[in-house]
Amino acid sequence: MVELKVKISTIDDVKKFVNAVSKYDFDVDLISGRYAVDAKSIMGIFSIDLSKELVMKAHTDTDAAVKGDLAEFIVG
């Protein structure tokens, strides 16, 4: 599993993020506090607090592609 801290600030960021993770054939979750949502769901992402850093969990062992595709969202 690949776990990264990400920041998604704007509506355009949400669209870009969902488009990027939707191409994966594995599950990707976003976690904010005690809430976890499907990162491929625009409605799910809008249901969590986007003012804070989020934890993204990609259910895969290959992190190179994930880190490359999502570089603009990764913090820290």
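Cut-offs applied
Residues numbered from 1 in each chain as written. Predicted model: local features only at pLDDT ≥ 70, side-chain atom pairs only at ≥ 80, totals over all residues. Heavy atoms only, no water. Buried < 20%, exposed > 50% of the residue type's maximum accessible area, 1.4 Å probe, protein only. Helix = DSSP H or I, 4+ residues; strand = E, 2+ residues; numbered from the N terminus. Pairing = 2+ DSSP bridges. Phe/Tyr/Trp six-rings, centres within 6.5 Å; stacked < 30°, edge-to-face > 60°. Axes fitted to C-alpha atoms, helices over the stretch in contact; angles between N-to-C directions. Contact = heavy atoms within 4.5 Å.

1. Re the pairing of strand β2 (residues 28-32)
Logical step 1: Counting buried residues along β2, 4 of its 5 residues qualify, which places the element largely inside the surrounding structure.
Logical step 2: In this sheet, strand β4 (residues 54-58) lies alongside β2 in antiparallel orientation, the contact comprising 4 bridges. Residue pairing in the sheet places Leu-30 in a bridge with Met-56 of β4.
Logical step 3: Where β2 lies against strand β3 (residues 35-38), 4 bridges are found, and the strand directions are antiparallel. Paired with Ser-32 across the two strands is Tyr-35, which belongs to β3.

2. Thoughts on the packing of aromatic side chains
Logical step 1: The final tally for this structure, using the stated rule, is 2 aromatic pairs.
Logical step 2: Summarising the aromatic geometry, the rings of Phe-17 and Phe-73 are spaced 5.4 Å apart at their centres and angled 85° between planes, so their arrangement reads as edge-to-face. Of this pair, Phe-17 sits in helix α1 (residues 11-22) while Phe-73 is found in the segment after α3 (63-69), placing the two residues 56 residues apart along the sequence. The pair Phe-17 / Phe-73 is uniform in exposure class, with both members buried.
Logical step 3: Seen in terms of ring centroids, Tyr-24 and Phe-26 are 4.8 Å apart; in terms of plane orientation they differ by 10°. Their pairing is stacked.
Logical step 4: Here Tyr-24 falls in the buried class, since its relative accessible area comes to 9%.
Logical step 5: Accessibility expressed as a relative area gives 14% for Phe-26, which makes it buried.

3. A look at the sheet that holds β2
Logical step 1: Strand order in this open sheet of 4 strands is β1-β4-β2-β3, and the pairing throughout is antiparallel. Because the sheet does not close on itself, it has two edges, and the strands there are β1 (2-6) and β3. Within this sheet the neighbouring strands show an average axis-to-axis angle of 25°, counted without direction.

4. Overview of the environment of Leu-50
Logical step 1: In this fold, Leu-50 is placed in the loop between α2 (42-46) and β4.
Logical step 2: Here the alpha-carbon distance between Leu-50 and Ile-8, two residues 42 residues apart in the chain, equals 6.2 Å.
Logical step 3: In this view, Leu-50 contacts Lys-7, Ile-8, Val-14 and Ile-45; residues no more than four positions away in its chain are not counted.

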